[in-house]
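Below, each chain spelled out in residue letters.
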Amino acid sequence: MSLRRLSLLLVPTCATWLGCAEPEPTVSLGLPAENPECPASSAVLVKADTRFHSGARVTAVPQDLSGRDLELLILRGSGFERRAGVAVSGGSVCFRDVPEGADYYLRSDTTYYLGHTRRFDLSVNRNGRPDTVTSAATQTPVRLNLTGLQPWRADAPSGEGSRLQLVSGEVAWTADLAFPTAWPVAGATQTQGMEARASSLDGRLPVLEGSKGDRLYVHQLDIVEDGKLPSGAPLKYRTVVGSLQAPAGSFTPEGDPALVLSGELKAVRQASFAPEWPLSGFTRWRAEVNPNAEAHQARFDVLPVTFGLTSGRVGCQGELFTLEVPGGEDGDIARRFTYGNPYPGNWGMVGSASYTFVASTPVVVGNRTHRPSGTVLVMNRLSTLTSETLVPGITPPRLLRIDGTDAATVRTVTSTQPVVSWREPFEGVVGSYQVEFIKLEADATDSPTVSFYVTSDRLQVSPPPGVLEAGSTYYVRVTADGSPFTPWQAPGTTADVLPIYKAATFSAAFTTP
């Protein structure tokens, strides 16, 4: 069967729902073994695997780190001694002449991990087949011949229109379909011959191989209005209202051939959950996030995870339920929600509850307006998250300072190496802190960020020379993390382990000299 182009004749989603119990998450650090080219007595060995999760199997495929932007910075009082890495067997990198017991930052691109272990694991989790072939394409044209849509909702007000989402469980491919020329008209129930485009949240698009069982789901998501928020405003959430799944088929994204999606969307199985969510449990920490912050948005998500949760929240398979609550709401949300779930019963369900706070006064830099922000987040398996009252698992760090002065004050700092300090949170047990220096650009669409992950006993960070640019505007965000996350040893894999508790505080904007 040709890999270049296949019209995927879609069939209804599986109707057999497995009532599988979810085992508890497990942590497997997979630290590097001894390597005679990089003795632990005098060197730090860094390795990385891509750990592909497919069904009950996890397959580790070694990465070649020789081309990765890696550096070791040994802490020497208030200064740093830099080490360059040397490629060794197995794709690993060795940093030699590192004194035993020395603290260091391992820098990977713009992320710094504070550690002292002699074996460091940069492995990451991915869902899908370990032999997935990745194309050079980052997007592909799609031709839609779909029927059975719920009447299409135009995107007015903004964000409340219908969406089509493409998801695969066999390879890493999740995308909202975009319509570059014309969207479906309001009330449409079919998309005969319509042109769309699909990218991927994972970057380059995978090749679909029908002989290996690769399939695609296509979901329609819509807004459901059901009841009132505590303030009396309408309660609206987005969920899957129709779905179809392709048989196994082949397709190679190469720019010109279109992925043809044909078939009828069918109604999906309805599932439910009943959170007890007092929003005041989050808003009461507004002043700790920032004394000048305002509540921006509360949000509850239900997210699917292929093949269960034994390794936590591995991969991204789209969304099943999204409730966005306008800022200022601080009453109780305690009711039963119903949402569409097209997936088999052996897929795991993660619940995520968060409240985001933003600076009450925008920061204008050049042609752009910025709103510095911080979030309080709780994430766990859905059944656990909704079995008790939903409150933060950890609260924001306290008393954020820059060079000893209250960080809520806008000012120019004295150097490009300001000292950021804080105190431990009022509530929760900290495992680590993340310190982000976020540059506020005049024109760019993204705000470049440099991150430092430090252990719970470190209550200050000063960036090494050259990290912050002179004459630039930044703000800093410090996040307390109470999760089973070990950024000093295996950051990529342990970041997925549940439960996840985070709470951030952020500064006012500051300018470097």
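The structure contained in this document is the topic of the report that follows.

## Describing the pattern of salt bridges
So, step 1. For the coordinates displayed, the defined rule picks out 28 salt bridges.
So, step 2. The closest approach of N and O atoms between E81 and R83, which form a salt bridge, is 2.6 Å.
So, step 3. The exposure class of E81 is partly exposed, given its relative accessible area of 26%.
So, step 4. A relative accessible area of 16% places R83 in the buried class.
So, step 5. Between D301 and R299 there is a salt bridge, and its shortest N-O distance comes to 2.8 Å.
So, step 6. Judged by its relative accessible area of 8%, D301 falls in the buried class.

## What about the sheet that holds strand β3 (residues 49-54)?
So, step 1. The strand order across the open sheet built from three strands is β4-β3-β12, with neighbouring strands paired in mixed fashion. Unpaired on one side and paired on the other, β4 (57-62) and β12 (124-127) mark the two borders of the sheet. On average, adjacent strands in this sheet sit at an angle of 30° to one another, irrespective of strand direction.
So, step 2. Pairing of β3 with β12 involves four bridges; the strand directions are parallel. Following the sheet pairing, R51 is matched in β12 by N125.

## Quick look at the pairing of β3
So, step 1. β3 sits mainly inside the fold: six of its six residues count as buried.
So, step 2. The pairing of β3 with β4 spans six bridges and is antiparallel. Across the sheet, R51 pairs through a bridge with A60, a residue of β4.
So, step 3. From the end of β3 to the start of β4, which pair antiparallel, there are two residues, and G55 there has a positive phi angle of about 65°.

## Comments concerning the packing of aromatic side chains
The description of two aromatic rings rests on the distance between their centres and on the angle between their planes.
So, step 1. Scanning all chains against the criterion turns up 29 aromatic pairs.
So, step 2. Look at F80 and Y105: their rings are 6.3 Å apart centre to centre, the planes differ by 35°, and that puts the pair in the tilted class. Residue F80 is located in strand β6 (residues 79-83), and its partner Y105 is located in strand β9 (residues 104-108); the two are separated by 25 residues in the primary sequence.
So, step 3. Classification of Y105 by relative accessible area gives buried; the value is 4%.
So, step 4. Plain terms: the ring middles of Y237 and F337 are 5.7 Å apart, the flat faces sit at 85° to each other, and that makes the pair edge-to-face.

How each quantity is defined
Counting restarts for each chain, with residues numbered from 1 along the sequence as it is written. Per-residue local features of the predicted model are confined to residues with pLDDT of at least 70, and side-chain atom pairs are confined, for both listing and counting, to 80 or more; whole-chain, interface and lining totals are unaffected and use all residues. The side-chain figures draw on all heavy atoms in the structure; neither hydrogens nor water molecules are used. When a carboxyl oxygen of Asp or Glu lies within 4 Å of a side-chain nitrogen of Lys or Arg, that pair is called a salt bridge. Throughout this description, buried means an accessible area under 20% of the type-specific maximum (1.4 Å probe, protein chains only), exposed means over 50%, and partly exposed covers the range between. Whether two strands pair depends on DSSP finding at least two bridges between them. Elements are defined by DSSP. Helices are runs of H or I of four residues or more, strands are runs of E of two residues or more, and each kind is numbered from the N terminus. Angles shown run from 0 to 180 degrees and are taken between the N-to-C directions of axes, each axis being a line fitted to C-alpha atoms and, for helices, limited to the stretch in contact. Any pair of Phe, Tyr and Trp rings, taking the six-membered ring for Trp, is counted once the centres come within 6.5 Å. Such a pair is stacked with planes under 30 degrees apart, edge-to-face with planes over 60 apart, and tilted for the rest.

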